[in-house]
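Here's the letter readout for the chains.
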Amino acid sequence: MKKIKLQKLLFYGVLLLMTFIYIGPFLFSLSISFNAEQDVFSWPIKLIPDEWTLDNYQRVWRDLPFGQWLFNSIAITIVQTITNVFFASLAGFAFARLEFPGKNIIFAVLLGSLMIPGIILLVPKFIILNEFYLINTYAGLMLPGLVTVVNIFLMKQFFETIPKDLEEAALIDGCSYFRIFWQIFLPVSKPALAAVAIYTFQGSWNEFMWPVIVTTTRDMFTLPVGMAFLKNEFSVQWPLLMAGTILISLPTLAIFLFFQKYFVQGVASAGLKG
Amino acid sequence: MANVELQQLKKVYGKDVVAIKGADVTIKDKEFVVLVGPSGCGKSTLLRMIAGLEEISGGELFIDGDKVNDVSPKDRDIAMVFQNYALYPHMTVFENMAFGLKLRKYPKTEIKQRVEDAAKILGLTEYLDRRPKEMSGGQRQRVAIGRALVRQPKVFLFDEPLSNLDAKLRVQMRIEIKRLHQQLQATMIYVTHDQIEAMTMGDKIVVLKDGYVQQVDSPMNLFNNPANKFVAGFIGSPSMNFLEGKIEKNDELEFVAGSVRFGIPDQLGLQEKLNPFVGKGIIFGFRPEYLYDKSKETSKQLSVDMNIIVDVTEPVGSEAYNYFHFSGKEEITFCFRSSSAYEYQAGQEVVVGLDIDRLRFFDIDTENRIA
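Just so it is clear, the structure is predicted and the values come from calculations on it, not from any experiment. (Residues numbered from 1 in each chain as written. Chains lettered and ligands numbered in written order. Predicted model: local features only at pLDDT ≥ 70, side-chain atom pairs only at ≥ 80, totals over all residues.)

Visitor: Any chance you could explain the overall build of chain B here in plain terms?
Guide: Helix and strand content of chain B: nine helices and 20 strands. Along the three orthogonal principal directions, the C-alpha set of chain B runs to about 80 × 45 × 35 Å. The burial tally for chain B puts 38% of its 371 residues in the buried class. Restricting the contact set of chain B to residue pairs at least 6 apart, pairs at least 24 apart contribute 65%. (Helix = DSSP H or I, 4+ residues; strand = E, 2+ residues; numbered from the N terminus. Buried ≥ 20, exposed ≤ 12 C-beta atoms within 10 Å, placed from the backbone. Contact = placed C-beta atoms within 7 Å.)

Written out as structure tokens, the structure is:
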């Protein structure tokens, strides 16, 4: 009995510690964003500032093209989320349910492409888009992320779990393959679709590397890029930066809270992408 | 409603895995035909070929006189009920049943009418707004049948529809499907591995084994006049007893297997049929149902008598199954059925008789029935 109690205590102790390690920096940013003082690095660290203010949040909106960046981020995220859900499920359906020549080879190549680190692809991607005169355009920002292999894989795996009987019953009922996909498989796959949507939303919204490379003017920046540019060589406006960061993280936070169930399901069913 | 004709239907997977080796079956209009056989015999494959879910590798398939080898499932005017129900989980019972009609662009009023009629027949009226997951297995299977019913197809196909239900529900649904057949007067093809289901439901039974059609006949004919040892053993529960022995000719024609020895009677042309097998091995088959205790049953005559020793008895209520071996020889145990009015003890010696018209003999090599 005693041993079990001790084990439990230890277990919760470790959990608490881990929670603090993860949530600590976030709380610290939150505190800085409300801090009226510019010098935020007084020692010891004060998680609760002496003087509260919303000024930093006002300044983010007033002094920076935050609205434009927000628009850019929203536009890219929405387009990429919709196209990812659509294309990944279409491709996943084809790989899971249709027979066509070269199916296994194509899928193997797709999976193989996951082995190539994304960094290596940055330069060729840039060169290709440059050839098409798409640098510093919305198309340039969106195109490379319209569909991702991981999402195709996730959808394929999910579709494979749907019993074949269902497909055959629909065939006998008079469905074409597209209708089977559209009217039977998609509605049944809500958890997987939600997982794909959430991952894509989160990925697009937080994407930094590609936008920073493909944009050249301030008006094309996305929120993460814009925020990063607040940290210039000479001075870092920490309260401003933190206020912006908190604002950026709100949508993902909200989505996570609303769709927590799907999030967990997605991680469980895919076991990929953290 | 229509007849279905299978002519030398073949199914080959890949290069050389032959699942169906030339099936010839004629299914008449309004007939209830059961495809039965052990797992892997090809019965489901055959049904799926009729449905159009499996490609036909050879031979011809006619539904209502039209060759449908290359017709897609939706244009064959068939409806199928699956083992796992295959209901659309995101649709209500009504939507599930209406889906096929909607796709075929029936007017809304007719769809509603047909679904309501089917629901009434199947006792589903109050469940029309439910989703499949809110229903029990039996109710789900009823919805699956309803989905087939509303289509009013030429042929109904059932792929082991009752195997996911518990024993009691299975019997109930069995009766319901049979009643439905009488009511609808439709052509139905039903796949099962359960020979009792086959016997009780079918007008005609197709027995399959290893991709070959073994016999196509009425249930009672299969039971009494099996074409070969496989059919004899597969149909009937408990199954037929088989005893390997020899035909010898001394003063008269005799069957000999260890301590079992009896003269072949001259009735029913038995001697003539068995004469060519003198000196050769042969399999003697006899059903547990047709054995009786000579000391209890005195009215019967013209029987073949054997001495047996009872090993185990299994009372099942109205009757008992007694497993035995022949005296003088410890062999595989055989079975005879008795009324539960008589009780037998292990080790008890009993003289059993068998009506001579119930004697069955099979060729030891081909396993075909000789007599």
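What follows picks up the thread again.
Visitor: For this particular structure, what's the right way to read the overall build of chain A?
Guide: In terms of helices and strands, chain A carries 14 helices and zero strands. Of the regular secondary structure in chain A, the N- to C-terminal order runs α-α-α-α-α-α-α-α-α-α-α-α-α-α. Across its three principal directions, the C-alpha atoms of chain A cover 70 × 70 × 30 Å. Across the 274 residues in chain A, those meeting the buried criterion constitute 31%. In chain A, 75% of the contacts between residues at least 6 apart in sequence involve partners at least 24 apart.

Visitor: I would appreciate a short explanation of the environment of B:Asp24 in the present structure.
Guide: All names here are of chain B. Among the secondary structure elements, Asp24 is positioned in strand 2 (residues 17-27). Sequence spacing of Asp24 and Tyr212 is 188 residues, and the spatial spacing of their C-alpha atoms is 9.7 Å. With residues up to four places along the chain from it excluded, the contact list for Asp24 reads Leu6, Gln7, Gln8 and Val213.

Visitor: Honestly, the environment of B:Arg261 in this entry has me stumped. Any pointers?
Guide: All names here are of chain B. Here Arg261 shows up in strand 13 (residues 260-263). What makes Arg261 partly exposed here is the crowd of 13 C-beta atoms within 10 Å. Expressed as a C-alpha distance, the spacing of Arg261 and Leu165, which sit 96 residues apart in the sequence, is 46 Å. In contact with Arg261, not counting residues within four places along its chain, are Glu254 and Val256.

Visitor: How should helix 3 (residues 108-122) of chain B be read in this particular structure?
Guide: Since the α-helix packs 3.6 residues into each turn, any two residues three or four apart lie on the same face. All names here are of chain B. A rise of 1.5 Å per residue sets the reference length of helix 3, with its 15 residues, at 21 Å; its end C-alpha atoms lie 21 Å apart and thus fit the reference within 8%. Those residues of helix 3 not exposed but buried are Ile111, Val115, Ala118, Ala119 and Leu122. The arc that holds the buried residues of helix 3, viewed along the axis, is 100 degrees, so those residues lie on one side. Helix 3 presents Thr109, Glu110 and Lys120 as exposed residues on the side facing more than 90 degrees away from its buried surface. Where helix 3 is buried, its residues contact helix 2 (93-103) and helix 4 (137-151). Positive phi appears at Gly123, one or two residues downstream of helix 3, with a value of about 70 degrees. (Expected span 1.5 Å × (residues − 1). Arc of directions from axis to C-beta.)

Visitor: Help me out: how do you make sense of the packing of helix 2 of chain B against helix 4 of chain B in this one?
Guide: Working note: a packed helix pair is described by the angle between its axes plus the distance between those axes. All names here are of chain B. Contact geometry for helix 2 and helix 4: axes closest at 8 Å, N-to-C directions at 35 degrees. For the crossing formed where helix 2 meets helix 4, the hand is right-handed. Residue-level inspection shows Val93, Asn96, Met97, Gly100 and Leu101 of helix 2 in contact with helix 4, the latter providing Val143, Gly146, Arg147, Val150 and Arg151. Here the residues of the contact of helix 2 with helix 4 sort into five nonpolar, three polar and two charged. (Axes fitted to C-alpha atoms, helices over the stretch in contact; angles between N-to-C directions. Left-handed = near helix turned anticlockwise from the far one by under 90°. Nonpolar A, V, L, I, M, F, W, Y, C, P; charged D, E, K, R; others polar.)

Visitor: I would appreciate a short explanation of the sheet that holds strand 1 (residues 4-13) of chain B in the present structure.
Guide: Picture the strands of a sheet paired through backbone hydrogen bonds; they go either parallel or antiparallel. Residue and element names in this part refer to chain B. As summarised here, the arrangement of the four strands in space is 2-1-4-5, forming an open sheet in which the pairing is antiparallel. Two strands bound the open sheet, and with one partner strand each, they are strand 2 and strand 5 (66-67). Bridge count for strand 1 against strand 2 is eight bridges, and the pairing is antiparallel. Looking at the pairing, Val4 lines up with Ile27 of strand 2. (Pairing = 2+ DSSP bridges.)

Visitor: I would appreciate a short explanation of unusual backbone geometry in the present structure.
Guide: Generally, phi is negative for residues other than glycine and the peptide bonds are trans, each holding for most cases. Residues and elements named next belong to chain B. The omega torsion of the bond from Ser237 to Pro238 falls at -5 degrees, within 30 degrees of zero and hence cis. Along the polypeptide, Pro238 turns up in the loop between helix 8 (229-234) and strand 11 (241-249). Even without a glycine there, the phi angle at Glu160 is positive, about 40 degrees. In this structure, Glu160 sits in the loop between strand 7 (155-159) and helix 5 (167-184). Residue Glu160 is classed as partly exposed on the basis of its C-beta count, with 19 C-beta atoms lying within 10 Å.

Visitor: How do you make sense of the nonpolar core when you look at a structure like this?
Guide: As a rule of thumb, soluble globular proteins bury nonpolar side chains together. One finds A:Val196, B:Leu35, B:Ile50, B:Met80, B:Leu157, B:Ile189 and B:Tyr190 to be the most contacted residues of the largest nonpolar core, which totals 134 residues. Sort the elements by how many residues they give to this core and helix 10 (residues 190-206) of chain A lands first, with nine residues. When neighbours within four sequence positions are excluded, B:Leu157 is seen to be in contact with B:Leu47, B:Ile50, B:Ala51, B:Ile78, B:Met80 and B:Ile189. Formed by 15 residues, the second largest nonpolar core is a distinct cluster that contains A:Val60, A:Phe221, A:Met242 and A:Ile248. (Core = buried A, V, L, I, M, F, W, Y, C linked by C-beta atoms within 7 Å.)

Visitor: Can you walk me through the confidence of the model for chain B in this structure?
Guide: Predicted coordinates in areas of low pLDDT are best not read in detail. Confidence in the prediction for chain B averages 90 pLDDT; 97% of positions are at 70 or higher. Across the interfaces of the predicted complex, the ipTM metric reaches 0.84, alongside a pTM of 0.83. (pLDDT = per-residue confidence, 0-100.)

Visitor: Is there a simple way to think about the packing of helix 2 of chain B against helix 3 of chain B in this case?
Guide: Residues and elements named next belong to chain B. The interhelical angle for the contact between helix 2 and helix 3, taken along N-to-C directions, is 135 degrees, at an axis separation of 10 Å. Comparing their axes, helix 3 and helix 2 come out oblique. Helix 2 and helix 3 meet at a crossing whose hand is right-handed. In contact with Phe94, Met97, Ala98, Leu101 and Lys102 of helix 2, helix 3 contributes Ile111, Arg114, Val115 and Ala118. Its residues assigned to classes, the contact of helix 2 with helix 3 comprises seven nonpolar, no polar and two charged. (Parallel < 35°, antiparallel > 145°, perpendicular 65-115°, else oblique.)

Visitor: In this structure, what is going on with the pairing of strand 10 (residues 212-217) of chain B? I would like to understand it.
Guide: Burial runs high along strand 10 of chain B: five of the six residues are buried. Hairpin connection from strand 9 (residues 204-209) of chain B to strand 10 of chain B: two residues lie between these consecutive antiparallel strands, with B:Asp210 at a positive phi of about 50 degrees.

Visitor: Quick question: what am I supposed to make of the environment of B:Asn164 here?
Guide: Residues and elements named next belong to chain B. As for its placement among the helices and strands, Asn164 is situated in the loop between strand 7 and helix 5. On the neighbour-count criterion, Asn164 (16 C-beta atoms within 10 Å) is partly exposed. Separated by 157 residues in sequence, Asn164 and Tyr321 place their C-alpha atoms 28 Å apart. Aside from chain neighbours lying at most four places away, what touches Asn164 is Gln83, Asn84 and Gly137.

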